[in-house]
Amino acid sequence: MPDPSSPLPRLLSAGAVLGEGPDAAVPAHYGAPLREQRRLLDHRAVVDLGQFEVLEVRGADARSWMTTITSQVLAGTPVGSSSSLAVLSPQGRVEHLASAVVLDEDALLLVLDAGRRAGLRTYLEMMRFAARVELIDRDDLRVLGALAPAAEVLPELGLPDPVAVWSEAWPQVAPGGVAYGPDPEDPVGAVLTVLESEFLPGLPWRAEHLAGMSSWEALRIADHRARATREVDERTIPHELDLLRTTVHTTKGCYRGQETVAKVLNLGQPPRRLVMLHLDGSRDVPAAPGGEVRLGGSDGKLVGIVTSAALHADLGPIALAVVRRAVPLDAALSVQVVIDGSDEETASIWLDASQEPIVVQRDHGERPATAKLGAAPGR
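This report concerns the structure included in the present document. These numbers were taken from a predicted model, which means no experiment stands behind them. (Residues numbered from 1 in each chain as written. Predicted model: local features only at pLDDT ≥ 70, side-chain atom pairs only at ≥ 80, totals over all residues. Heavy atoms only, no water.)

## Section: the overall build of the protein
Then comes step 1: Looking only at helices and strands, the protein features seven helices and 18 strands.
Then comes step 2: Its C-alpha atoms give the protein a radius of gyration of 22 Å, within 12% of the compact-globule value 21 Å for 379 residues.
Then comes step 3: If you line up the protein on its principal axes, its C-alpha atoms span 90 × 60 × 35 Å.
Then comes step 4: When the 379 residues of the protein are sorted by exposure, 49% land in the buried category.
Then comes step 5: Long-range contacts, defined as pairs at least 24 residues apart, comprise 72% of the intrachain contacts of the protein with a sequence gap of at least 6.
Then comes step 6: Across the protein, the centroid of the 36 positively charged side chains sits 7 Å from that of the 51 negatively charged ones. (Helix = DSSP H or I, 4+ residues; strand = E, 2+ residues; numbered from the N terminus. Rg over C-alpha atoms; globule rule 2.2 N^0.38 Å. Buried < 20%, exposed > 50% of the residue type's maximum accessible area, 1.4 Å probe, protein only. Contact = heavy atoms within 4.5 Å. Lys, Arg positive; Asp, Glu negative; His and termini not counted. Charge placed at Lys NZ, Arg CZ, Asp CG, Glu CD.)

Structural data, given as structure tokens:
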């Protein structure tokens, strides 16, 4: 395991402003966040995702074993193919999320959010039994994010050949998947390029090559894509975050938590739902994860919590929030922004917010008639 207190080697130090929380090891921006976001959208920049962690699963049983214990089908898929997967609790709650690439017939590479590898590895070790697999922490690798493979975005930089490239046709529903709401209006997707890290800091990086994490987050929010360190909590079930679209296969064989997935999909509704919020930008104060979401103004009913927030180059201030299912889809909401006062007291202001639905109630159609108990025939 790498020492978490060790600084991550910067691809470019000049102008770098580090992020916070799970992204504290990488730059939030390099001095011009909206300009960086434009370059990212134009396929002219990459994002340093060095806080992401990589785990290799290798061995004769690697793909069949991972198919058995996760929510995704990994056996029999082509070498080089990408997918998303989840590990669920017996009650169907989301415990782990990963982006998977098939390296070869006997190996998978898993890319995980910051700080999430140790927990997944512990679970996999517990479930290994007699499976012919080996788990390898790949601290020699580093992840770059972009809207295309990094070598295509920066052909002049001389990047080494990638170890793996992960992508998916977001927001297209994956085989075995089910969409729990409308597609985002202008999706851009995401591509993760995994490279040997030792060669990267020595390359001739310039400011125009890089966009900060704030740009990546803005595009992720606008794409309606949930993130493990932001949207997932101890109560999350996949339906609440639209994870059945690409991450949870609904027709594969048995896996832990499948009963909850099937029951909510076929008979019920998730208790909460992910929503994108368009925030009032006239107050010039940024929302942040953890802010309350209320129905009916600042004195109204608490109905959810902001999980992610960013400034989008075209959409302005936006956020993701997880709110109660019963909140009307067209209801105006209020979002709390906490401000530290000079007198050591904490104050809040409230921003008006309109909803862009991500997860909506599923129409199950008419329920089949239930047979009634009665007298036996002929009696």
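## Here we look at the pattern of salt bridges
Then comes step 1: Tallied over the full model, the rule gives 28 salt bridges.
Then comes step 2: In this structure, D104 engages R58 in a salt bridge whose closest nitrogen and oxygen atoms are separated by 3.2 Å. Highlighted residues: D104 in strand β6 (residues 94–104) and R58 in strand β4 (residues 53–58), separated in sequence by 46 residues.
Then comes step 3: For D104, a relative accessible area of 27% puts it in the partly exposed group.
Then comes step 4: Classification of R58 as partly exposed rests on a relative accessible area of 29%. (Salt bridge = Lys/Arg side-chain N within 4 Å of Asp/Glu carboxyl O.)

## What about the layout of surface pockets?
Then comes step 1: Considering only enclosed or pocket space, the largest pocket measures out at about 860 Å³ in volume.
Then comes step 2: Elements represented by at least two residues in the lining of the largest pocket include exactly β2 (27–29), α1 (33–41), α5 (213–222) and β15 (301–312).
Then comes step 3: Residue classes in the lining of the largest pocket are distributed as 15 nonpolar, eight polar and six charged. (1 Å grid on protein atoms, 1.4 Å probe; cavity = no way out; pocket = protein on both sides within 12 Å on 5 of 7 lines; lining within 4 Å. Points joined across faces, edges and corners; volume = space filled by probe spheres on them. Nonpolar A, V, L, I, M, F, W, Y, C, P; charged D, E, K, R; others polar.)

## Here we look at helix α7 (residues 258–266)
Then comes step 1: The complete set of buried residues in α7 reads Q258, T260, V261, V264 and L265. Projected onto a plane normal to the axis of α7, the buried residues spread over an arc of 165° and lie on a single side. Opposite the buried face of α7, by more than 90 degrees, sit the exposed residues E259 and K263. (Arc of directions from axis to C-beta.)

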